[in-house]
Amino acid sequence: MMSTAAPLKNPQPVAPNVTAISPEEYLAISAFIYRDARLADESRYAEWEALVDDDMIYWVPRGEGDFDMNKHLSITADNRSRLRTRIAQLNTGERHSQLPVSRMRRVVSNIEVERKGDGEYQVFSNFVLYELRMSSTRTVEVWPGRTEHHLRWKNNELKMYFKKVTLVHGDEAIPSLAFII
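Asks: A description of a nonpolar patch on the surface should follow, citing residues and the corresponding values.
Replies: Side chains of Val 107, Tyr 130, Val 140 and Val 142 sit close together on the surface and give an oily, nonpolar patch of about 360 Å² of accessible area. Following the sequence through the fold, Tyr 130 ends up in strand β4 (residues 120-132).

Here's what the structure looks like:
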């Protein structure tokens, strides 16, 4: 059956005042987002840490909404120094809430990229993380949410300087997130 709809002429951009990105940029950014997830899932913290820039902020707000990490309670609000300390603790292999380390896999989808400036991007994606809690209940926790990354090109590679993880159930009582990056 043939469509009778007329082809679009001069389609408008999805969002006004947003500069389009090239297919190559989208592929590189998507590959970065998938690598971020894989390295975190595999507890490869040193390699994951190599993805972050010196001014990195990692934030998990308490639920969805118009929150300010400097004014509202957060699940996690790490600057680069605090993130470095947490990764060092995880790398010791002696963080008792993670002995043995949880097995994790996340599914990432709906990657949307907006250019923020020259060589900088704001990236939104959805995820579902499955965590098998080996050290305690041996149950599978399900963590659905949305991630916002801010990325920039630095020395010919993408670096992350902001990551916000908004959990669907972040404003509910939730179990420990000792693994999370």
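Asks: Quick one: what's the story with the sheet that holds β4, residue by residue and with numbers?
Replies: By definition, the strands of a sheet pair up through backbone hydrogen bonds, in either a parallel or an antiparallel sense. Strand order across the open sheet formed by six strands is β2-β1-β6-β5-β4-β3, with mixed pairing between neighbours. A single partner strand is all that each edge strand has here, and the edge strands are β2 (74-78) and β3 (103-117). Each strand of the sheet is rotated relative to its neighbour by a mean of 15 degrees, with strand direction disregarded. The pairing of β4 with strand β5 (residues 140-154) spans 13 bridges and is classified as antiparallel. By the bridge assignment for β5, Tyr 130 is matched with Val 142. The sheet contacts of helix α1 (residues 23-41) involve β3, β4, β5 and β6 (157-167), and relative to β3 the element is tilted by about 150 degrees. Seen against the sheet, helix α3 (residues 80-91) touches β1 (52-61) and β2 and runs at an angle of roughly 80 degrees to β1.

Asks: So what about unusual backbone geometry? Which residues, and what values?
Replies: Phi is positive for Asn 110, close to 55 degrees, though the residue is something other than glycine. Even without glycine at this site, Asn 155 takes up a positive phi of about 50 degrees. With respect to the helices and strands, the residue Asn 155 is situated in the loop between β5 and β6.

Thresholds, definitions, all that
Residues numbered from 1 in each chain as written. Predicted model: local features only at pLDDT ≥ 70, side-chain atom pairs only at ≥ 80, totals over all residues. Heavy atoms only, no water. Patch = residues over 30% accessible without salt bridge, like charges linked within 9 Å, V, L, I, M, F, W, Y side chains within 5 Å. Areas by Shrake-Rupley, 256 points an atom, 1.4 Å probe, with all protein chains shown as cover. Salt bridge = Lys/Arg side-chain N within 4 Å of Asp/Glu carboxyl O. Helix = DSSP H or I, 4+ residues; strand = E, 2+ residues; numbered from the N terminus. Pairing = 2+ DSSP bridges. Axes fitted to C-alpha atoms, helices over the stretch in contact; angles between N-to-C directions. Contact = heavy atoms within 4.5 Å.

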